[in-house]
Structure formats: C-alpha cells, structure tokens
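Inside the fold
Here's the letter readout for the chains.
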Amino acid sequence: MALDATGALPASRTEPDGSAVVRILSYNIRSMRDDEDALARVIRACAPDVVLVQEAPRFFRWRKHAARLAAKSELVMLSGGATAAGPLLLCSLRATVERTEDVLLPLTPGLHRRGLATAVVRFGAVRLGLVSCHLSLREDERYAQAGLVLDRVAALDTPYTVVAGDLNERPGGPAFTRLTRTLRDGWETRPWGSEHTFPATAPGARVDAILATDTVEFLGCGVPTAPDPTDLTAATDHLPVLAAVRLPAPA
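Please read all numbers here as calculations on a predicted model, not as lab measurements.

What counts, and where the lines are drawn
Residues numbered from 1 in each chain as written. Predicted model: local features only at pLDDT ≥ 70, side-chain atom pairs only at ≥ 80, totals over all residues. Heavy atoms only, no water. Helix = DSSP H or I, 4+ residues; strand = E, 2+ residues; numbered from the N terminus. Rg over C-alpha atoms; globule rule 2.2 N^0.38 Å. Buried < 20%, exposed > 50% of the residue type's maximum accessible area, 1.4 Å probe, protein only. Contact = heavy atoms within 4.5 Å. Salt bridge = Lys/Arg side-chain N within 4 Å of Asp/Glu carboxyl O. Phe/Tyr/Trp six-rings, centres within 6.5 Å; stacked < 30°, edge-to-face > 60°. Lys NZ or Arg CZ within 6 Å of the ring centre and 35° of its normal. Pairing = 2+ DSSP bridges. Right-handed = clockwise from strand over helix to strand, strands pointing away.

**Focus: the overall build of the protein chain**
Across its full length, the protein chain holds 6 helices and 13 strands. Here the C-alpha atoms of the protein chain give a radius of gyration of 16 Å, agreeing with the 18 Å that 2.2 N^0.38 yields for 251 residues. Expressed along its principal axes, the backbone C-alpha trace of the protein chain runs to roughly 55 × 40 × 35 Å. Across the 251 residues of the protein chain, 53% fall into the buried class. Look at the contacts in the protein chain between residues 6 or more apart in sequence, and 71% of them connect residues 24 or more apart.

**Structural notes on the pattern of salt bridges**
Within this structure, the stated rule accounts for 18 salt bridges. In this structure, Arg-246 and Asp-17 form a salt bridge, with 3.2 Å as the shortest nitrogen-oxygen distance. Remark: Asp-17 occurs in the loop between β1 (13-14) and β2 (20-28) and Arg-246 occurs in strand β13 (residues 241-247); sequence separation between them is 229 residues. Among the salt bridges present, the one from Glu-169 reaches Arg-142, with a minimum N-O distance of 2.8 Å. Note that Glu-169 is positioned in the loop between β9 (160-166) and α4 (174-180) and Arg-142 in helix α3 (residues 139-156), a separation of 27 residues in sequence.

**What about the packing of aromatic side chains?**
To describe a pair of aromatic rings, you give the distance between the ring centres and the angle between the ring planes. Under the criterion given, the structure shown has 0 aromatic pairs. Just above the ring of Tyr-143 sits the side chain of Arg-178; from NZ or CZ to the centre is 4.4 Å.

**What about the pairing of strand β3 (residues 50-54)?**
When you tally the buried positions in β3, you get 5 out of 5 residues, the bulk of the element. Here β2 pairs with β3 via 5 bridges, running parallel. The residue bridging Ile-24 from the neighbouring strand is Val-50, located in β3. Crossover handedness for the path β2 to helix α1 (residues 36-46) to β3: right-handed. Two elements, β3 and strand β5 (residues 88-91), share 4 bridges in a ladder whose sense is antiparallel. In the sheet register, Val-53 faces β5, and the bridge partner there is Leu-88.

Written out as structure tokens, the structure is:
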C-alpha cells in the first residue's frame, strides 16, 4: 500500500528467519465524539497489527462503543478503555495475546485520572510489549508520568517494547526528553509520511509519538497521508501516527 511519495510502508509479514514486520498505529480518538465511520476508515486504511488508542470512551456503555469501533476497524479489543482511564489497545487476529494489564497512575486532585493500557503479544516466536499512554496537561505531573511509563516498560520484561501515545508535549520538552533518553523516537529514527499531529485541521505540533526500545528496528514512522483527507479531519482532532517495525527473531 503506497501511502505517500516517500514510498510504501512495509506490509505486515513474518520473514523466513522468524523475524516479524509489525505495523503499529497510535491514535487519539477523542472519545469517539466525531465521525465514527471516518475514524474506522482511517484505521482500516493504515492496516495495523496493533492500535494504541488514547481517549477511548470511558463512561456509559464504554465497552460497547469500543467493541463497535474494533469491529468496524476489522480488529479486536485487547485491553484498556475505562479501566485504564482512556488508553485502549486493539489488535488484529495476527497477534497472539500473552497477557494484559491496565494500570491507573496516581491521581492529582483537580486533574484527570490517567492510566496505561499494557499488553504482551506474540507474532510467531517474537514477543512484543505494548504501552499506550496519554500524559497529563500539567508539566510536573507529565514528567512524573513519563518516569512511570519507563518503569512499566522495565516491568514488562520483553525483548521488544513499543510505547505510543499522546504525550501532550513537543519533542525537546522535559517529559518527551525523559522518555527518549531510554526509548527511540520513531519519527527521529526513520521519518516517513508527515510529522505534525495536532490539530488535525491545521497540524502544527508533534505531540503524538511512537517510541521503542533500541532492539526494535523502525522501517518508517510518521503521519500517514493515504487515508482520505476528509476522513482524517472528520475522525478526531488528532492525526494518527503509523509505524512499521522489524522485530528480529529470537536467538
């Protein structure tokens, strides 16, 4: 699927040597308050193996809404949602689920509760850790939450781990920098597509990112341009970030 002039992002596959190419999507969906059908079309156009969602529905019948989005996107629910205070994980049937855990982060009075949706999945013999996050709007809390994300990465104890989400901060900010001291930024490592993610109607800031441990090989990472531009602006107020990564076969 040729997504833009820079060339096609690699398709999902398992290589003869046992390594896996996995397509990963990160997307803030604003509680599905916009055009749900456009949202599903964008996700399908990206052909992801896993989707790390932020601002999933959290209130009345939230599981029903999340399941409906998964079905429309030709995916299944993996973990998260209200039980993670908004982050959600979806996956294709290509992924085998090993374990999941929803983590609530410490609550600062007067601010929104934040959490993490985490999982360990397998693609063939390759084990991949996933962490979907949506960091605070307040700088000091956001910086502390970045440290908790790194703690969770260590606790997953997987050979490959991807962290993705709405960081509510541009590259170079304290929380973003704290994360990238340990994790590699997909856009900086292998830029592809376009860069800025917010706001969807006139993107001027990169506040959403896909990060990974240095064992993960980025084949391309950025905002996809293939989905219908009308769908991209109708679906939600953020643009998605799509990456293809290669996970070497275990020794």
